[in-house]
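# Close look at the chain arrangement
Listed here are the chains, written in short residue letters.
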Amino acid sequence: MRLLPLAVAILLSASGVSAQEADTLGTPLGHKEVTPPGQQSSMGELLSKGYQIKAAIPNGGKFVVFMQKDQSAYACEMQSLTASRCGTLN
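Heads up: these notes are all about the structure in this document. Remember, it's a predicted structure, so these values are computed and weren't measured experimentally.

Under the defined criterion, the tally for this structure stands at one aromatic pair. Ring plane angle 90° and centroid distance 5.3 Å describe the contact between Tyr51 and Tyr74, whose orientation is recorded as edge-to-face. One end of the pair, Tyr51, is in the loop between α2 (43-48) and β2 (52-59); the other, Tyr74, is in strand β4 (residues 72-78), and 23 residues separate them in sequence. Like Tyr51, the residue Tyr74 is buried in the burial classification.

Shown next as structure tokens:
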């Protein structure tokens, strides 16, 4: 349980640094976003696998939701009520 707050703190501090260093954000127009196999899921898939929501943080018009099961943790971006994308934290 102590792992999640540490992961959140690291993620938030790292995201600020990477946002300052990045020249462009997101996928360039005309390019398809590449998803590494096994690295991204939806919240629905994670909930069906037994992951639990541990925290939700507003980020502009979206929410970042942190989910955990045992020693595995994901951060999910809620794009809408029915669309989300999640990436592994560890």
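We now examine the pattern of salt bridges. Counted under the stated rule, the structure contains two salt bridges. Between Glu77 and Lys62 there is a salt bridge, and its shortest N-O distance comes to 3.6 Å. Of this pair, Glu77 sits in strand β4 while Lys62 sits in strand β3 (residues 62-69), and the two are 15 residues apart along the sequence. For Glu77, a relative accessible area of 18% gives the class buried. The salt bridge involving Glu77 is made with Arg85; its shortest N-O contact spans 3.0 Å.

Analysis parameters
Residues numbered from 1 in each chain as written. Predicted model: local features only at pLDDT ≥ 70, side-chain atom pairs only at ≥ 80, totals over all residues. Heavy atoms only, no water. Phe/Tyr/Trp six-rings, centres within 6.5 Å; stacked < 30°, edge-to-face > 60°. Helix = DSSP H or I, 4+ residues; strand = E, 2+ residues; numbered from the N terminus. Buried < 20%, exposed > 50% of the residue type's maximum accessible area, 1.4 Å probe, protein only. Salt bridge = Lys/Arg side-chain N within 4 Å of Asp/Glu carboxyl O.

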